[in-house]
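# Understanding the architecture of this molecule
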Amino acid sequence: ISPAKSLLTTWPEDGPPITWSVRGLGDGFSSVSVAAGKIYTMGRKDGSVNLVCRNFEDGSEVWATAVGGGDRPNCTPTVDVEANLVFGLTHGGDLLCANATTCAAVWRKSYKNDFGGRMMSGWGYSESPLVDGDFLICTPGGDNAVMVALDKKTGRLVWSTEGKGLGSAGYASPIISNGAGVKQYLTLVGRGLIGVAAENGRLLW
């Protein structure tokens with residue numbers, strides 16, 4: 001609910017001026033992440049799904065790197081400023097961890113091949129992975145790995161959550177909750193909302 005009144009429906013002729021605009025980022029449904037003077041997004045261009053970095057001041061390209069193929073991406077990249085890493089996920093579940101400055105690939109994973117992951121429909125993976133301390137929390141949607149915690153710097157599997165009977169991955173990004181005094185990760189999957197223990201990946205509810 002917003003208490004604001006008399007909101008403008010159009011900008012006045014004298015403002016605000018457009019500082020810059022760019023084209024050619026590629027097709028997709030990704031939003032943007034802004035961090036450390038850079039803008040990160042994703043787009044499909046010339047048959048490749050790319051992770052893109054632009055300069056915040058003028059929109060000029062800093063770098064672009066291929067994440068994988070497939071359909072137009074839904075993921076908004078996750079940026080870890082402290083570790084200087086950026087994470088991007090394709091429609092088909094290809095996950096890239098890249099150096100946020102140079103775009104060099106640090107590690108890669110496949111939700112399908114590495115975790116038996118599945119999406120609940122053809123709309124494709126849509127989450128933005130969650131950085132929590134040393135971990136990257138993801139939702140492949142597999143029977144043995146509905147959710148996983150990865151070492152954010154190496155991609156090493158830390159724990160996985162049993163997913164049989166829960167359905168496949170949904171269209172949500174995991175969040176942190178301390179409900180009932182228990183640190184847990186919440187997300188929506190095919191059968192509904194789940195809570196997973198942050199310390200070991202045990203399904204709580």
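So, a few notes on the structure that sits alongside this text. The structure presented is a predicted model; accordingly, all values stated were derived computationally and were not measured.

So, on to the overall build of the protein chain. Counting its regular elements, the protein chain contains 1 helix and 15 strands. Against the globule reference of 17 Å for 205 residues, the protein chain gives a C-alpha radius of gyration of 18 Å, in line with a compact fold. Expressed along its principal axes, the backbone C-alpha trace of the protein chain runs to roughly 55 × 45 × 35 Å. Burial status across the protein chain gives 45% buried among its 205 residues. Taking all contacts inside the protein chain whose residues are at least 6 apart in sequence as the whole, residues at least 24 apart take part in 43%. Summing over all exposed atoms, the protein chain offers an accessible surface of approximately 10,800 Å²; the carbon and sulfur share of this is 52%.

Time to look at the pattern of salt bridges. Scanning the entire structure with this criterion turns up 7 salt bridges. A salt bridge links R54 to E61; the shortest N-O distance between them is 3.8 Å. Since its relative accessible area comes to 13%, R54 is described here as buried. In this structure, R118 engages D143 in a salt bridge whose closest nitrogen and oxygen atoms are separated by 3.3 Å. Of this pair, R118 sits in the loop between α1 (111-115) and β9 (130-132) while D143 is found in the loop between β10 (135-138) and β11 (147-151), placing the two residues 25 residues apart along the sequence. In this structure R118 comes out as partly exposed when scored by relative accessible area, which is 35%. When its relative accessible area of 31% is taken as the criterion, D143 is described as partly exposed. The network of salt bridges with common partners includes R44, D71 and R72.

Looking now at the environment of G93. Mapped onto the elements, G93 comes out in the loop between β6 (85-89) and β7 (94-99). Residue G93 is classed as buried on the basis of its relative accessible area, which comes to 0%. Remark: the alpha-carbon pair of G93 and G179, spanning 86 residues in sequence, is separated by 29 Å. Residues within four places of G93 in sequence aside, it is in contact with K109, S110, Y111 and Y125.

A sheet is described by the order of its strands in space; here 3 strands give the open sequence β13-β14-β15, paired in antiparallel fashion. In this open sheet, the two edge strands, each paired with only one partner strand, are β13 (175-177) and β15 (192-197). Averaged over all pairs of adjacent strands, the angle between strand axes in this sheet comes to 35°, irrespective of strand direction. Here β13 runs beside strand β14 (residues 184-189); their pairing, made up of 3 bridges, is antiparallel. The partner of I175 across the bridge, within β14, is L186.

Each value, and the rule that gives it
Residues numbered from 1 in each chain as written. Predicted model: local features only at pLDDT ≥ 70, side-chain atom pairs only at ≥ 80, totals over all residues. Heavy atoms only, no water. Helix = DSSP H or I, 4+ residues; strand = E, 2+ residues; numbered from the N terminus. Rg over C-alpha atoms; globule rule 2.2 N^0.38 Å. Buried < 20%, exposed > 50% of the residue type's maximum accessible area, 1.4 Å probe, protein only. Contact = heavy atoms within 4.5 Å. Areas by Shrake-Rupley, 256 points an atom, 1.4 Å probe, with all protein chains shown as cover. Salt bridge = Lys/Arg side-chain N within 4 Å of Asp/Glu carboxyl O. Pairing = 2+ DSSP bridges. Axes fitted to C-alpha atoms, helices over the stretch in contact; angles between N-to-C directions.

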